[in-house]
Structure formats: structure tokens, C-alpha cells
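Observations on chain architecture
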Amino acid sequence: MDTARRSLISLAILLAGWQGLVWVTQVEPFILPGPWLVALSLAGHLELIGGHAVTTLVEIILGLVLGSAFGVFSAISLSWFPNVRRWLLPLLVVTQAIPVFALAPVLVLWLGYGMASKVMMASLIIFFPVTAAFLDGLRRTEPGWLDLARTMTAGTASSGRWAMLRHIRIPAALPALASGLRVAAAVAPIGAVVGEWVGSSAGLGYLMLHANGRMQIDLLFAALFVLALMAVAIYFTLDWLLRRLLPWQPDSLAND
Amino acid sequence: MPAQTFDNSTDPAIGIALRGGALAFDGRPVFEDLDLDIPAGRTTCLLGTSGVGKSSLLRLIAGISPEATARRLVASDGGPIAGRIAYMDQRDLLLPWLSVLDNVTLGARLRGEAAEQPRALALLRQVGLADEAGALPSALSGGMRQRAALARTLMEDRAVVLMDEPFSAVDALTRLRLQDLAAELLVGRTILLVTHDPLEALRLGHRILVLRGDPAHLSEPLEPAGAVPRRADDPALHGLAATILHDLAA
């Protein structure tokens, strides 16, 4: 596969540059360990890192599911009720001015050191991109399709509004929702890890903070590497899934 | 109000009478106090240049124009118009996520009725798309897409069919074929066809009206001789087309 080979080459160049930097500057390993040292640490702490990775992975996935569900629900509500849109949408935009990270200590205070506060953190951070993208899609339905649907449902008992939402507006907005979900997949790990930094006893964020405090920078980097790997895997899995589910969506970049 | 049902296949053709149609943009009238009669079971063609308000007039009758208004808009049998018209646009308006077959049965799905698949497949066969029933619209050519849209229009089986420049987005030869196909399949229905192509109006129209002026008004109806669809190479048609073009430019 061409994309995979290109990614591997880019990664190899990055690792070589990193190792080169370490050799040239002779920097202490507790400031910046080389990739080889990190790899050794990863191999040595596989079980430890794996355990914490599972915790973080579960937090990310639960956060994604929960945040996306809320986002989809609120986008449909906002599009269905004009009054809700008029009152809540400005409020929703204003709440985005509050850095969600600043809420992390409060969430830990309210929901405890366990998983709930991290799941909530991840949900909160992806809620808005999903809502905004989906609502945008619901708003931009091709007017011709709606006109056609109006002539088809005119004179029948039902208003046709629900039928239009279900059969035209929502399917037409799915590519926009997919864009929102891709953003969500990219930022959800940030939410989970920040939640872990603020207060936890498990997860990669906790492990990184712990390793940092004990000058085990190689372990910190190993955990970071696994976190990045996980985030990339989540993104590409979701991207692949969305492409499979929306085969009718044209991709004009595909053949470039 | 009791729910009314119409069985259009046995319903006699209905005409439509519009009185006092009006449309204004930014306070400037596009047309006002306009009267239009669409006779039952015949094809009325409405010709006009861009921006003269002919599409708005059609959309007013279709009930999808938020801007244009009418003092009175009724069917010739005194019944309502809503629910008795099928609409076909210049764009095929096929939903890209539905197969051709599912697009043809869209109306039933929107109304919560069971889709009559055998009839839809028969219609697709009539428009020459039997093999494309399961394909997505993106796999079809422009002419095929417009034929699918024609099948969807026929599937609605309404007494009145409103067509807004339905064949203007395809090449000349495909357009002629589509005109023949539409004339064949829509025979006996009340049709309002909006077009900017005089030859198309002359091929398909029992009755031709020209909308022009500022504010726009309708010309005296022109009723060319002969059964529709008229032959595209008829020299008499080309003579008339030249006259109409002259009228449009005046």
C-alpha cells in the first residue's frame, strides 16, 4: 500500500532526525532520550504501558460515543426547533470561549478520580465540533430537494417535515457529520489525557506524569508514543469506516 | 378538513386557473395581476427569457414559491391543487445516496406509504433504465439522470405535471430524444412546461405562451397545428421559432 509506505518513510526520517539530534547535541537522556532508548523502555515496560493504554483507550472511545451522541442529538434539536436555535445557539458559542481544560479540576472534583471525569472531559471537548459540523450540514440541504419533497408530500395528512428531516436533511448532512466526527476523533485523546493529568490513578496521562516526576523520561516518551499510535489508529479506523458508510460522497482529491 | 384521496389514474384530467398572480423583488414588480389558464389534458408551454419570472410562475402553481402570490389558484373541478401535481426541475434532483429505484419511489417513502416496486421497475424499463435500477445516480450520465427524474415524475402519477426547463442541461440530441420520450409517456396529462427554447415549445406544446415585458405579461396563446411531438426537422416549426425569437427579443 502506497500510503502506508509513504507514512513509514516519513516516520523513519523523523526518527533518524531525532537520533541525530541526540548524537550531535550529546543531550542527557533524562532531558531527551533517543528513539532507541525509548524503544528499549517500551519493550521493558510493555505490560505496564499496555495496562494504562487500555484505560485511556476506553476513556477515549466512551467519550467519543457519548460526545458524538450528544452532538448529533443537539444538532437535530437545534435544526428542528427554531426557538431553541435562537436561544441556545449563541449561548453554545459563548461556552466555547471557556477553555474546557480549565474545567478539568472541577470535573475531577465532581465526578471523582475514576474514569467518569475523563470520559466527560473527552465528551465535552468533542461535543461542539460534532454539533457545529452536523448543524451546518442540516442547514445546507439542497433547496431543490426540499422543494421536490414539498410537492410530493403536499395535500397529505402528515406535514412532511419529519419525513423531509429523516429522508432528506439528515442523510444529506451525513458527510458534514463525518467531518465533525473526524475532528472529534483527533481531539478526544487530548480530553482524556488532560483529565488524567489533573487527577487520576490510571491511564497513559497518569503514567506520563508519574514517569516525569521520577525522571524516567524514556518511559514518558514510550507512553507518549503509544498514545500517539492509539490516536492515529482511532482516526484512521473512523475515517475508513465513514468512507465505507458514505460511498456516495464524492472525494475529488482521491485521484489527485 | 377531511383527508381527501385522489386516484389519479382514473381521475379525469384537470385544468388550472390562476388569477392575479404577483411577484416583486426589492419592491420592483416582476409580474403583477397575471392571469394564466392551463387547459386540461394538454401541454402548455411557457416561454421567456431569463429573469422574466417564468420559473417563479411555475413554482407558484407548484406551491413552492415563498415570494410569488396569487389572488386565486384553483383546479378546474373546484378541488385543491396541493397533492395533485408532480414537479420536474432542470436539475435531476436525484438524491445521491439512494439507488435509482429508491429515487423513483421517493414520494411514497416521504408519504409513509409502501413503495410500489413493480410499477417503479416498469417505469424504469419504459425510460430505458431497467439495468440501472440498483445504481447510484453518480454512475449515470446527464441524460440518464434526467430520464430517471422523468420516471420519478411519472411514478407520482399526478393529473398535473409541472416541468421547469426539464431538458435544458443535456446535449441537443439527448434533448430531442428526451422530448419524444416525455411526450409519449405524459400523453393525456395536464402539463405546464417552462422553457427558454422556442423549438422545444413548438415541438411539445399544444399551446404556447410567451412571458415578456417589465412588468411581464403573457402573450396571446399560439396553437401550432399538428399532433405532438412535432418533428424537429419540420421547416414550418423553424419559421415559427424565428418569429417567437423575434417576439422574445422585442
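For the structure, check the block above.
Residues numbered from 1 in each chain as written. Chains lettered and ligands numbered in written order. Predicted model: local features only at pLDDT ≥ 70, side-chain atom pairs only at ≥ 80, totals over all residues. Heavy atoms only, no water.

1. Looking at the overall build of chain A
- Broken down by element type, chain A carries 10 helices and 0 strands.
- What you see in chain A, going N to C, is helices and strands ordered as α-α-α-α-α-α-α-α-α-α.
- Relative to the compact-globule value of 18 Å for 256 residues, chain A shows a C-alpha radius of gyration of 23 Å, a clear excess of over 25%.
- Expressed as lengths along the three principal axes of its C-alpha atoms, the size of chain A is roughly 80 × 50 × 30 Å.
- Residues counted as buried form 41% of the 256 residues belonging to chain A.
- Across chain A, the fraction of contacts at a sequence separation of at least 24, relative to all contacts at a separation of at least 6, is 74%.
- Accessible surface computed for chain A: about 14,300 Å², of which carbon and sulfur atoms make up 72%. (Helix = DSSP H or I, 4+ residues; strand = E, 2+ residues; numbered from the N terminus. Rg over C-alpha atoms; globule rule 2.2 N^0.38 Å. Buried < 20%, exposed > 50% of the residue type's maximum accessible area, 1.4 Å probe, protein only. Contact = heavy atoms within 4.5 Å. Areas by Shrake-Rupley, 256 points an atom, 1.4 Å probe, with all protein chains shown as cover.)

2. Considering the overall build of chain B
- The helix and strand tally for chain B stands at 8 helices and 9 strands.
- Over its C-alpha trace chain B gives a radius of gyration of 18 Å, about what one expects of a compact globule, namely 18 Å for 250 residues.
- A principal-axis box enclosing the C-alpha atoms of chain B has dimensions of 50 × 50 × 35 Å.
- Residue burial in chain B is summarised as follows: out of 250 residues, 50% are buried.
- Of the contacts made within chain B by residues no fewer than 6 positions apart, 70% connect residues no fewer than 24 positions apart.
- Split by element, the accessible area of chain B, about 11,000 Å² in all, is 52% carbon and sulfur.
- When the 25 basic and 31 acidic side-chain charges of chain B are each reduced to a single mean position, those positions are 1 Å apart. (Lys, Arg positive; Asp, Glu negative; His and termini not counted. Charge placed at Lys NZ, Arg CZ, Asp CG, Glu CD.)

3. Thoughts on the interface of chain A and chain B
- Taken residue by residue, the interface counts 20 residues in chain A and 22 residues in chain B.
- With both chains or domains summed, chain A and chain B bury close to 2,000 Å², and 72% of this area falls on carbon and sulfur atoms.
- Looking at the side of chain A facing chain B, the largest losses of area belong to A:T151, A:M152 and A:W248, adding up to 32% of the total buried there.
- Where chain A meets chain B, there are 2 salt bridges. (Buried area = accessible area lost by both parts, 1.4 Å probe. Salt bridge = Lys/Arg side-chain N within 4 Å of Asp/Glu carboxyl O.)

4. Topic: the pattern of salt bridges
- Considering all chains together, one arrives at 26 salt bridges over all chains under this definition.
- For A:R5, the salt bridge is made with A:D2, and the minimal N-O distance between the two is 2.8 Å. One end of the pair, A:R5, and the other, A:D2, are both in helix 1 (residues 2-25), 3 residues apart, so they sit about a helical turn from each other.
- A salt bridge links A:R182 to A:D239; the shortest N-O distance between them is 2.4 Å. Taken together, the residues span a long stretch of sequence, with A:R182 in helix 8 (residues 161-198) and A:D239 in helix 10 (residues 217-245) at a distance of 57 residues.
- By relative accessible area, which is 10% here, A:D239 ends up buried.
- A single network of salt bridges, built from pairs that share partners, joins B:R111, B:E113, B:E156 and B:R158.

5. Quick look at the pairing of strand 5 (residues 85-88) of chain B
Residues and elements named next belong to chain B.
- What you see with strand 5 is no split at all: I85 and Y87 on one side and A86 and M88 on the other are buried throughout.
- In the sheet, strand 5 pairs with strand 6 (residues 160-164) via 4 bridges, with the strands oriented parallel. By the bridge assignment, A86 is partnered in strand 6 with V161. (Pairing = 2+ DSSP bridges.)

6. Considerations on helix 6 (residues 172-185) of chain B
Residue and element names in this part refer to chain B.
- For helix 6, spanning 14 residues, the distance from its first C-alpha to its last is 20 Å, which sits close to the expected 20 Å at 1.5 Å a residue.
- Within helix 6, the full set of buried residues consists of L178, Q179, L181, A182, A183 and L185.
- Considering only its buried residues, helix 6 is in contact with helix 4 (117-126), helix 5 (142-155) and helix 7 (198-204). (Expected span 1.5 Å × (residues − 1).)

7. Concerning empty space enclosed by the protein
- If you walk through the whole model with that rule in mind, you get 1 cavity of 30 Å³ or more.
- In this structure, the largest cavity occupies an estimated 40 Å³ of space.
- Lining the largest cavity are A:L148, A:T151, A:M152, B:I85, B:A86, B:Y87, B:R152, B:T153, B:E156 and B:R158.
- Every element with two or more residues in the lining of the largest cavity is listed here: helix 7 (143-153) of chain A together with strand 5 and helix 5 of chain B. (1 Å grid on protein atoms, 1.4 Å probe; cavity = no way out; pocket = protein on both sides within 12 Å on 5 of 7 lines; lining within 4 Å. Points joined across faces, edges and corners; volume = space filled by probe spheres on them.)

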